[in-house]
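Below, each chain spelled out in residue letters.
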Amino acid sequence: TFYELGDALFIKEQGIGACAECPRDGELGCSFVDTLPPKYRQEATHFLSWTWGYRVSTVREALQSWLDTQQGMRAEDVFLFMCFF
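Residues numbered from 1 in each chain as written. Predicted model: local features only at pLDDT ≥ 70, side-chain atom pairs only at ≥ 80, totals over all residues. Heavy atoms only, no water.

*Asks:* Got a minute to help me understand the overall build of the protein in this structure?
*Replies:* In terms of helices and strands, the protein carries two helices and two strands. For the protein, the sequential pattern of α-helices and β-strands runs α-β-α-β. By principal-axis analysis of the C-alpha atoms, the protein measures approximately 40 × 25 × 15 Å. By residue count, 19% of the 85 residues in the protein fall in the buried class. Considering only intrachain contacts with a sequence separation of at least 6, the fraction spanning at least 24 residues in the protein is 52%. Working note: accessible area of the protein is about 6700 Å², and carbon and sulfur atoms make up 55% of it. (Helix = DSSP H or I, 4+ residues; strand = E, 2+ residues; numbered from the N terminus. Buried < 20%, exposed > 50% of the residue type's maximum accessible area, 1.4 Å probe, protein only. Contact = heavy atoms within 4.5 Å. Areas by Shrake-Rupley, 256 points an atom, 1.4 Å probe, with all protein chains shown as cover.)

*Asks:* How do you make sense of the packing of aromatic side chains when you look at a structure like this?
*Replies:* What describes a pair of aromatic rings is the distance from one ring centre to the other and the angle between the planes of the rings. Tallied over the entire structure, the rule returns four aromatic pairs. For the ring pair W50 and W52, a centre distance of 5.4 Å and an interplane angle of 50° mean the geometry is tilted. Each member of the pair, W50 together with W52, is buried. Taken together, the ring pairs in this structure connect F2, Y3, W50 and W52 into an aromatic cluster. (Phe/Tyr/Trp six-rings, centres within 6.5 Å; stacked < 30°, edge-to-face > 60°.)

*Asks:* Would you mind showing me how to read the confidence of the model for the protein here?
*Replies:* As a note on interpretation, predicted positions should not be read in detail where pLDDT is low. Across the protein, the average pLDDT comes to 89, with 98% of residues at or above 70. When mean pLDDT is taken per element in the protein, strand 1 (residues 46-47) scores highest with 96 and helix 1 (residues 2-10) scores lowest with 78. (pLDDT = per-residue confidence, 0-100.)

Spelled out as structure tokens, the structure:
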């Protein structure tokens, strides 16, 4: 589940982005998305409502099913807003 990813992503001292400068406030510690190369962090094209209790595989499979129904849409052109708080 996403609960199991929580520590790796968000534990302040050890989480991804903990040692990187935030581009918004210049302070140490940034969000996960700020650690990604620019080509993977474009303006969001879609909002995804979800819950921490979902298995990662469930979300991945649901997204693939949704993408399969979207004519002409390519995965590399989709940027999701998924709030991790």
